[in-house]
Amino acid sequence: MRIMRSAIALASVLALGLTACGTSTDTSSPDPTTAEETTSAPAESESASEEPSESPSEGGSEGAGDVPQGDGTQTIYLVSKGFQHRFWQAVREGAEQAGEEFNYKVEFVGPQNETQVTEQLNMLKTALDSKPAAIGLAALDSGAASDLLDQIEAAGIPIIAFDSGVDSDIPLTTVQTDNYAAAQAAAEHLVELIGGQGTVGLICHDQTSQTGKQRCDGFKEYMAENAPDVTVLPEQIAGEVGLAANAAKSMIQANPDMVGLYGSNEAAATGAVQGAIESGNSELKVVGFDSGKTQIDAIKNGQQAGAVTQAPIKMGYETVVAAIKAINGQELPEVIDSGFAWYDASNIDDPEIAANLYE
Amino acid sequence: MSTTEETKTEVEHEAKKEGRSGSSFQQLLVLLALVAIYVFFMFAAPNFAQLGIAIDILSQSAYIGVMALGTTFIIATGGIDLSSGTGMSLMAVAAGIFLAAPPYWNLPLGAGLLLVLLVGALIGAINGANVAILGLPPFIATLAMMMAARGLALVISQTQTISIANPGYKNLVQGNLIPRFELGGSTIAIPNSVLIFILLAIVAAFLLNKTLLGRYALAIGSNEEATRLSGVNVRFWKMMVYIVGGLFVAIGAILYSGRFGFVQPSEGVGFELNVIAAAVIGGTSLSGGRANITGTVIGALIMQTLTKGLQMMGLRQEWQLVVTGVVVLIAVLIDIQRQRRANAA
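Remember, predicted model here, so these are calculated numbers, not experimental data.

**Focus on the overall build of chain A**
Here is step 1: When you go through chain A residue by residue, the secondary structure sums to 12 helices and 13 strands.
Here is step 2: Residue burial in chain A is summarised as follows: out of 359 residues, 57% are buried.
Here is step 3: When contacts within chain A are restricted to residue pairs at least 6 apart in sequence, long-range pairs at least 24 apart make up 77% of them.

**Points about unusual backbone geometry**
Here is step 1: Cis geometry is adopted by the peptide bond preceding Pro103(B), which originates at Pro102(B) and carries an omega value of 15 degrees.
Here is step 2: Here Asp163(A), not a glycine, exhibits a phi torsion of approximately 70 degrees, which is positive.
Here is step 3: On the secondary structure map, Asp163(A) appears in the loop between strand E4 (159-162) and strand E5 (174-176).
Here is step 4: In this model, Asn106(B) sits at a positive phi of 60 degrees, which is unusual for a non-glycine residue.
Here is step 5: Here Asn106(B) is to be found in the loop between helix H5 (84-99) and helix H6 (109-133).
Here is step 6: C-beta crowding within 10 Å serves as the criterion here: with 14 such atoms nearby, Asn106(B) is assigned to the partly exposed category.

**Focus on the pairing of strand E9 (residues 258-263) of chain A**
Residue and element names in this part refer to chain A.
Here is step 1: Of all six residues making up E9, six are buried, and the element is well covered by its neighbours.
Here is step 2: As paired elements, strand E6 (residues 198-204) and E9 share five bridges and run parallel to each other. Bridge assignment links Leu 202 to a residue of E9, and that residue is Tyr 262.
Here is step 3: Sheet topology note: the E9/strand E10 (residues 285-289) ladder contains three bridges and is parallel. Its bridge partner being in E10, Gly 260 is matched across the sheet by Lys 285.
Here is step 4: Handedness of the crossover joining E9 and E10 through helix H9 (residues 266-278): right-handed.

**Here we look at the interface of chain B and chain A**
Here is step 1: Facing the 25 residues of chain B at the interface are 26 residues of chain A.
Here is step 2: Put simply, the parts of the chain that give the side of chain B that touches chain A at least two residues each are helix H3 (51-60) and helix H14 (293-312) of chain B.
Here is step 3: Ranked by residues supplied to the side of chain B that touches chain A, first place goes to H14(B) with four residues.
Here is step 4: Classifying every residue of the side of chain B that touches chain A by side-chain character gives seven nonpolar, 13 polar and five charged.

**A look at the nonpolar core**
A general trend in soluble globular proteins is that nonpolar side chains are found buried together.
Here is step 1: Counting 196 residues, the largest nonpolar core has Ala186(A), Ala244(A), Met91(B) and Ala95(B) as the members making the most contacts within it.
Here is step 2: Inspection of this core shows a minimum of three residues originating in each of domain 1 (2-177 + 313-336) and domain 2 (179-309) of chain A.
Here is step 3: Ignoring sequence-local partners within four residues, the contact set of Ala244(A) consists of Ile203(A), Ala238(A), Gly263(A), Ala267(A), Ala268(A), Gly271(A) and Ala272(A).

**Section: the sheet that holds E4(A)**
All names here are of chain A.
Here is step 1: The six strands are arranged E2-E1-E3-E4-E5-E12 in an open sheet whose pairing can be described as parallel. Edge strands, defined here as strands with exactly one partner in the open sheet, are strand E2 (105-109) and strand E12 (335-337). Averaged over all pairs of adjacent strands, the angle between their axes in this sheet comes to 20 degrees, without regard to strand direction.
Here is step 2: As judged from the two bridges shared by E4 and E5, these two strands associate in the parallel manner. Note on E5: the bridge partner recorded for Phe 162 is Val 175.
Here is step 3: Against the sheet, helix H4 (residues 117-129) touches strand E1 (75-79), E2 and strand E3 (134-137), its axis set at about 170 degrees to E1.

**With respect to the confidence of the model for chain A**
Here is step 1: Looking at chain A, pLDDT values average 81 and 80% of them are 70 or higher.
Here is step 2: Below pLDDT 50 for its whole length, residues 9-64 of chain A participates in 156 contacts with residues either more than four positions away or in separate chains.

**Overview of helix H5 (residues 146-154) of chain A**
Since the α-helix advances by 3.6 residues per turn, residues separated by three or four positions end up pointing in the same direction.
Residue and element names in this part refer to chain A.
Here is step 1: The complete set of buried residues in H5 reads Leu 148, Leu 149 and Ile 152. One side of H5 holds all its buried residues, which, seen down the axis, span an arc of 105 degrees. Exposed and oriented more than 90 degrees from the buried face of H5 are Asp 147, Asp 150 and Ala 154.
Here is step 2: Where H5 is buried, its residues contact H4, E3 and E4.

**Digging into the pairing of E6(A)**
Residue and element names in this part refer to chain A.
Here is step 1: The buried fraction of E6 is high, at five of seven residues.
Here is step 2: What joins E6 to strand E7 (residues 230-232) is helix H7 (residues 210-226), and the crossover it makes is right-handed.
Here is step 3: Relative to strand E8 (residues 236-237), E6 runs parallel, the two sharing two bridges. If you follow Ile 203 over to E8, its bridge partner there is Gln 236.

**Observations concerning the packing of helix H8 (residues 167-174) of chain B against helix H12 (residues 234-258) of chain B**
Residue and element names in this part refer to chain B.
Here is step 1: Between H8 and H12, the least distance of the axes is 8 Å, while the angle of their chain directions is 105 degrees. In terms of orientation, H8 lies roughly perpendicular with respect to H12. Taken together, the residues of H12 that come into contact with H8 (itself represented by Tyr 169, Lys 170, Leu 172, Val 173 and Gln 174) are Ile 254, Leu 255 and Gly 258.
Here is step 2: Counted by class, the contact of H8 with H12 contains five nonpolar, two polar and one charged residues.

**Focus on the packing of helix H4 (residues 62-76) of chain B against helix H9 (residues 192-210) of chain B**
All names here are of chain B.
Here is step 1: The N-to-C vectors of H4 and H9 enclose an angle of 10 degrees; their axes lie 9 Å apart at closest approach. Judged by the inter-axis angle, H4 sits roughly parallel to H9. From H4, Ala 62, Gly 65, Val 66, Leu 69 and Phe 73 reach across to H9, where they touch Ser 193, Val 194, Ile 196, Phe 197, Leu 200, Ala 201, Ala 204 and Leu 208.
Here is step 2: Considering only residue class, the contact of H4 with H9 consists of 11 nonpolar, two polar and no charged.

**A few points about the UniProt feature "transmembrane region" (unreviewed entry) in chain B**
Here is step 1: When the UniProt feature table is mapped onto this chain numbering, "transmembrane region" (unreviewed entry) sits at residues 28-49, 61-80, 111-136, 189-208, 236-256 and 319-336 of chain B.
Here is step 2: End C-alpha to end C-alpha, residues 236-256 of chain B measures 30 Å, and it is 100% helix and 0% strand.

Conventions we followed
Residues numbered from 1 in each chain as written. Chains lettered and ligands numbered in written order. Predicted model: local features only at pLDDT ≥ 70, side-chain atom pairs only at ≥ 80, totals over all residues. Helix = DSSP H or I, 4+ residues; strand = E, 2+ residues; numbered from the N terminus. Buried ≥ 20, exposed ≤ 12 C-beta atoms within 10 Å, placed from the backbone. Contact = placed C-beta atoms within 7 Å. Pairing = 2+ DSSP bridges. Right-handed = clockwise from strand over helix to strand, strands pointing away. Nonpolar A, V, L, I, M, F, W, Y, C, P; charged D, E, K, R; others polar. Core = buried A, V, L, I, M, F, W, Y, C linked by C-beta atoms within 7 Å. Domains from an automatic or database assignment. Axes fitted to C-alpha atoms, helices over the stretch in contact; angles between N-to-C directions. pLDDT = per-residue confidence, 0-100. Arc of directions from axis to C-beta. Parallel < 35°, antiparallel > 145°, perpendicular 65-115°, else oblique. UniProt positions renumbered as here; feature names shortened; annotations may be inferred.

Here is the structure:
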């Protein structure tokens, strides 16, 4: 039973897809959504929760047997970075699944958009005042919550960070995407697509943020260690579609033998696709990172081979599981990987992925 | 009345003289610099020596170049425009809202483009009013606009990517009015953006050298008080200069967004510095009174040639920025030297 559950979990995690990155700005989580999406998202999460058997269960290395069942009275309170966006709707979906599975109530809140730091602090205060069994926080500002964190600690409520960490030792663990491993997966898929040899280029969206570095280094280091017949060109840095397109075009023109190109976020990947189109190189395989309208369209019409994305449902699920473990006094690792998924034209319309991809 | 007229003509004449003196020398220098950089990359960067690459440089410098044409007028008055980068982003998003399919406005191409130009003129008019009527320093007025435009772009787009499906929009920029032709075994395609850039450069040169707008802009830049005392409506002409600047930014926005067929609200941050650098490399003096359209075009081309060449050599972005910085520095140093000599004489 445990083996089968793990297998289902693994499969569903692989099938999950979504990003926490905005369009071309390097936020570590998505922008607020349109009204249109707001109305459609809850409907989708409802229909998804009707079929819990298809949803991801634990999916990680920790077996389900280690998670104690609750008695249905205790509440886990999650304060997210936003509420409307489909990324957060998916996180919520995963959190509620875990709550249902282990018999805990899950309260999920978040500010209207990702600039409302004060609003989020108010929500965290409300969470504290309601005296839940545990609190999860996806901090908008890694430093702003420190006073409240002290109060939460003093009240004896365990706190779990998710999506991004906070500058504090108080959270027992942080549940987040391993960007380095995800970038390695992108490299692995690109190697497969080009048949293991040739010249490839990479466009990184940013060289200063942690996320940007991990997404760049993961790709390069995978190639260096696992693909001896692949030549990796020096990376170009471009965080905007136009600049990324110029950089991609220059690389292709200078290296007509180039067979693959990687873009580390939506803007970089979309620019790479544009550069390939403009230089008339239809054989070039482009792989990207995150989702977003332009990448989804390019993957659907075959201009882009595929992309890796973060897995928000698993993020929500793992956050609640970590909270339950904390409530029961179990040890937690410093960081819990919330996973990632590869998607391409073959699986982009799968319900598990399509429901999560945002435009 | 006749004396005022006389002084006015004198001011114009002075401005023209001042505007041109020494600039032919600097113009020659920047042209030589462009040629030198180009020849260098022909040998240093693999596959650089193709006509297609030269056309790429032209088309990729078009939006920065066009915005720099407008900014040249503003700098000529001794002003500055920091709002061109995010203003471009705002106008691109506006284009998306006007032209994209419902829930957006889905206007015909002509009407949409006209409205984009209107938005450009409006942004320029607000900058102009703040500078000319309220007397704000141009740096502050346009800094405020830079921030406001960035915010507005995010607000009106609801931070979403907007697809412009209208094929005419993309065709306007990426299409080929000049049919593709074969040359030396490869197909050469000149995108319309290149033609628009050249056409607007001619228009800007005419405005600067042959109309009151250009003459008064230079006159205000060299001596605002004298220009005012000689009966020129300084406020009006300053307003006009910023409106022209806004119009050029709007065309830059169309050129930038037309390449992709979609617009994103967070683009354009920092582009204003490339725009200003293009004008400065081209010999337009930041202290005002001296401006040069040919120089601005060459300035934009120099920067894009550097970027393209260094990219094709496989150099990292960091070094592209360093090299561009050095080029700007050299251009300003030459300008200062020239001014010293002029003052000493």
